[in-house]
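Chain residues, written in single-letter form:
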Amino acid sequence: MVYKNTRVAYYCYGKGVKTLVLLHGFLENSSMWKSVVDEFSNEFKVICIDLLGHGKSECLGYVHTMEEIAESVKAVLTKEQVSKAIFVGHSMGGYVTLALAEKYPEVIEKLCLLNSTAQPDSEERKTIRDRAILMVKTNYKALVSMSISNLFSSETSSEFTSEIAECKKEALKTPIQGYIACAEGMKKRKKREHVLESKTFESLLITGKKDPVLIYENSIEEANRTQTPIIELSNGHMSHIENKKELIKALKVFMNKD
């Protein structure tokens, strides 16, 4: 579809009465959700969206705020005549889901933050992003390779060598402008704990105990503050790979609960 003269790619699977929307993370695309789609497309209509500047979706300007990406997601829902859906957002996809839920709570049936958070970037994280933005202009391939490797726990990096290689291959499909625009957008995102606290829909946090990006203890504290259920998996930031079976099981329980 076209959103603000910009192509947004998305994929639909299944023909269920209920809709499941899957939003990928930074340097990912809809291909990351293959195992989830295979598991749930028999029961749900599953929509996977390539977020702005990722996959086959084009860039829209030089900064992709989470709010702007959320609006492009809403445009897809409107086109598909989806009035309400269950959302699972991985990492940056979680930030986008929160922005969408803040402005359009009526479209959220349930919301799952997968290896994600309602917190803004810390000053340290903003500095890291600034350094990466500078590096991306001179050595993009090395930066992407390092960024993907750093998402896995040290214990699983040797176990999932082929999966890591595939993640790097898909990440390199992200154009430099897409990298910079989303990095800038993530730096600008605001705290959205109030979205989890609103209780107008059911929410869930899924976190990795060895997540090298999000501090495990901070995720537990966020869950406690917002009174949001949390499921703790054993490995890193890439739960759909490192803890695939446990993730599928957790999502089945979450999505089928009354």
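This one's a predicted model, so the numbers in the text were calculated from it and none came from an experiment.

(A) Spotlight on the pairing of strand E5 (residues 45-49). With five of its five residues buried, E5 lies for the most part within the structure. Burial along E5 is two-sided: the face carrying Lys45, Ile47 and Ile49 and the face carrying Val46 and Cys48 are both buried. Two elements, strand E3 (residues 10-13) and E5, share four bridges in a ladder whose sense is antiparallel. Across the sheet, Cys12 pairs through a bridge with Ile47, a residue of E5. Pairing analysis gives five bridges linking strand E4 (residues 19-23) to E5, with the strands arranged parallel. Within E5, the position partnered with Leu22 by the bridge is Cys48.

(B) Seen up close, the sheet that holds strand E6 (residues 85-90). Here we have seven strands laid out as an open sheet, ordered E3-E5-E4-E6-E7-E8-E9, and mixed in their pairing. Strands with a single pairing partner mark the edges of an open sheet, and in this sheet they are E3 and strand E9 (230-233). Between one strand axis and the next, the sheet turns by 15° as a mean value, whatever way the strands run. One ladder, built from four bridges, connects strand E8 (residues 202-208) with E9; its direction is parallel. Residue Leu205 lies in a different strand from E9, and its bridge partner there is Ile230. Of the strands in this sheet, E3, E4, E5 and E6 are in contact with helix H2 (residues 66-79), which crosses E5 at around 145°.

(C) Just the packing of aromatic side chains, in detail. Applying the stated rule across the entire model yields three aromatic pairs. Relative to Tyr179, the ring of Phe26 lies with its centre 4.8 Å away and its plane at 55°, an arrangement referred to as tilted. Residue Phe26 is found in the loop between E4 and helix H1 (34-40), and its partner Tyr179 is found in helix H7 (residues 176-188); the two are separated by 153 residues along the sequence. Exposure class is identical for Phe26 and Tyr179. Each is buried. These aromatic residues form a ring-pair network of at least three members: Phe26, Tyr140 and Tyr179.

(D) Examining the pairing of E6 more closely. With six of its six residues buried, E6 lies for the most part within the structure. Every second residue of E6 is oriented toward a common face, with Ala85, Phe87 and Gly89 on one face and Ile86, Val88 and His90 on the other, all of them buried. Sheet analysis places E4 next to E6, joined by four bridges and oriented parallel. Residue Leu23 lies in a different strand from E6, and its bridge partner there is Gly89. Strand direction decides the pairing type here: E6 and strand E7 (residues 108-114), joined by six bridges, are parallel. For Phe87, the partnering residue across the bridge sits in E7 and is Leu111. The parallel pair E6 and E7 is bridged by helix H3 (residues 92-103), and the resulting crossover is right-handed.

What counts and what doesn't
Residues numbered from 1 in each chain as written. Predicted model: local features only at pLDDT ≥ 70, side-chain atom pairs only at ≥ 80, totals over all residues. Heavy atoms only, no water. Buried < 20%, exposed > 50% of the residue type's maximum accessible area, 1.4 Å probe, protein only. Helix = DSSP H or I, 4+ residues; strand = E, 2+ residues; numbered from the N terminus. Pairing = 2+ DSSP bridges. Axes fitted to C-alpha atoms, helices over the stretch in contact; angles between N-to-C directions. Contact = heavy atoms within 4.5 Å. Phe/Tyr/Trp six-rings, centres within 6.5 Å; stacked < 30°, edge-to-face > 60°. Right-handed = clockwise from strand over helix to strand, strands pointing away.

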